[in-house]
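# Architecture and fold: a report
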Amino acid sequence: MQQAVDIVDDSPHPTNKIAATIAGKDKDGKDFSLSRTNFWPDDIREKIGTNTKIGNSSGTIHAETACILGAPVSENAALFVTDPPCPNCMKNIAEAQIKTLYIDHKGFDKDWVKRNEDDFEHMSMRIAEHAGISVYEIWRKEEKLVPILEVPEGYAPVIEKPLQMESHKGNTDKNWIASLSLAMTNNEPFAAAIAHDKLGNRYTLSAAAHPAIGYTSQSMDTPEGKYSFILQPINRLIMSAARYGFKIDAEYLYSSRVPTARELVNMVGASVTKIHIDDKEDSRDENGLKALKQLTDAKILNVEQ
Ligand SMILES: [Zn+2]
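Rules used throughout
Residues numbered from 1 in each chain as written. Predicted model: local features only at pLDDT ≥ 70, side-chain atom pairs only at ≥ 80, totals over all residues. Heavy atoms only, no water. Core = buried A, V, L, I, M, F, W, Y, C linked by side-chain atoms within 4.5 Å. Buried < 20%, exposed > 50% of the residue type's maximum accessible area, 1.4 Å probe, protein only. Domains from an automatic or database assignment. Contact = heavy atoms within 4.5 Å. Phe/Tyr/Trp six-rings, centres within 6.5 Å; stacked < 30°, edge-to-face > 60°. Helix = DSSP H or I, 4+ residues; strand = E, 2+ residues; numbered from the N terminus. Polar contact = N/O pair within 3.5 Å; in protein donor to acceptor, adjacent residues only side chain to side chain. Donors = N, O, S within 2.8 Å, 3.2 Å for Na, K, Ca; no water. Buried area = accessible area lost by both parts, 1.4 Å probe. Salt bridge = Lys/Arg side-chain N within 4 Å of Asp/Glu carboxyl O. Nonpolar A, V, L, I, M, F, W, Y, C, P; charged D, E, K, R; others polar. Pairing = 2+ DSSP bridges. Axes fitted to C-alpha atoms, helices over the stretch in contact; angles between N-to-C directions. Right-handed = clockwise from strand over helix to strand, strands pointing away.

As a further point, take the nonpolar core. Ranked by size, the top nonpolar core spans 77 residues in total, and within it I22, L101, I133, L237, M267 and L295 carry the most contacts. Looking at which domains feed residues into this core, each of domain 1 (2-149) and domain 2 (164-304) supplies at least three. Apart from the residues lying within four places of it in its own chain, the contact partners of I133 are M90, I93, A94, I98, K99, T100, L101, A128, L149 and V151. Membership of the second largest hydrophobic core comes to 10 residues, among which are M1, V5, A78 and Y102.

Tallying each qualifying case throughout the model produces 7 aromatic pairs. Ring plane angle 20° and centroid distance 5.6 Å describe the contact between Y102 and Y136, whose orientation is recorded as stacked. You can see Y102 sitting in strand 4 (residues 100-104) and its partner Y136 sitting in strand 5 (residues 134-139), a full 34 residues away along the chain. For the ring pair F190 and Y254, a centre distance of 5.6 Å and an interplane angle of 40° mean the geometry is tilted.

Along the chain, the position of Q294 falls in helix 10 (residues 286-297). Classification of Q294 by relative accessible area gives buried; the value is 18%. A distance of 2.8 Å separates a polar atom in the side chain of Q294 from the backbone oxygen of K53. Aside from chain neighbours lying at most four places away, what touches Q294 is I48, T52, K53, I54 and G55.

As a further point, take the coordination of the zinc ion. Coordination of the zinc ion by the protein is provided by H62 (ND1), C86 (SG) and C89 (SG), with metal-donor distances spanning 2.0 to 2.3 Å. With relative accessibility at 15%, the residue C86 sits in the buried group.

A word on the domain arrangement of the protein. Segmenting the protein into domains produces domain 1 (2-149) and domain 2 (164-304). Taken over C-alpha atoms, the centre of domain 1 sits 22 Å from the centre of domain 2. Ranking the residues of domain 1 by area buried against domain 2 places K91, E95 and M123 at the top, with a combined share of 19%. In this structure, the connection of domain 1 to domain 2 is made through 3 salt bridges. E95 is paired through a salt bridge with R236; the nearest N and O atoms lie 3.1 Å apart. At the junction of domain 1 with domain 2, the criterion picks out 16 residue pairs in polar contact (both at pLDDT 80 or more). Elements with a minimum of two residues in the side of domain 1 that touches domain 2: helix 2 (42-47), helix 3 (63-70), helix 4 (87-95) and helix 6 (117-131). The element best represented in the side of domain 1 that touches domain 2 is helix 6, accounting for 7 residues. Residue composition of the side of domain 1 that touches domain 2, grouped by class: 16 nonpolar, 14 polar and 10 charged.

In this section: the sheet that holds strand 7 (residues 164-167). With respect to topology, 6 strands assemble into an open sheet ordered 7-9-8-12-13-14, the strand pairing being mixed. At either margin of the open sheet sits one strand with a lone partner, and together these are strand 7 and strand 14 (302-304). Put simply, the sheet's adjacent strands are angled 25° from each other on average, direction ignored. Each of strand 12 (247-258), strand 13 (274-283) and strand 14 touches helix 10; the most contacted strand, strand 13, lies at about 140° to it.

Side chains A78 and F80 of strand 3 (residues 78-81) all project onto a buried face; the interleaved residues L79 and V81 project onto the opposite face, where all are buried too. Here 4 bridges tie strand 1 (residues 19-25) to strand 3, and the two strands are oriented antiparallel to one another. By the bridge assignment, I22 is partnered in strand 3 with L79. Here strand 3 runs beside strand 4; their pairing, made up of 4 bridges, is parallel. Looking at the pairing, V81 lines up with I103 of strand 4. As for the winding sense of the linkage, the β-α-β connection from strand 3 through helix 4 to strand 4 is right-handed.

Encoded structure:
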């Protein structure tokens, strides 16, 4: 926790300075920890600026998500944050299979956190509960840990539409999309990518939009405010790649429709610069189309023809 607190003032955000630390074991069993603040990816800061929304999304990558993107492996890691996570980050934390979350108690006293208290209590915490993430409040000076949510032992969340993953042995020329053995045939929006592990082994990942882990379409709660309980396909791919310690090949990302504004910003944060989009007119909402135009006009993102 202290690591995150030590860097929080480095956040480029003028008002909402947030930091997080992720700690766990990498694939070789070695301990790792890294800390990140919320930040604007260089390309967005330099070519679009920090005062412009990308579609309806801020151009920042939140600290929790930045940690997941930077970690060698996120599965079973612990995450320490200076502030209670927003529902979008909590969905990412769940998909990345982080199991323990520590929040600095001082984070609960900040003004903007108080304004968004409902989002945390009514959405973030419900997402954590369904995904099986234990949440603790840390009192650093007092060396005290207050449980907010403890997951019962043996709890295993349902995953309605698991990520499809298979070893990729085919070529990776322009025909890679045709070579995908796509399990997503029932006409729902999905995304696919080729990713590689540290040893260079390649995998095809594909995912449809999905309720946050532990929810099903039937059991999903009614969302409140601007957030949704659904995790979009590209966010699932990015978080799942982090979970396994894979890196998405920047050249090989496919989406059946235009991603949402938040997915596009996260892609930039994950250093993906090129995307194949099947139906460039179709998107969940107008903001995706607007964000895509902003990012391609600024030459941050290329849409493959
Ligand atoms: Zn967040």
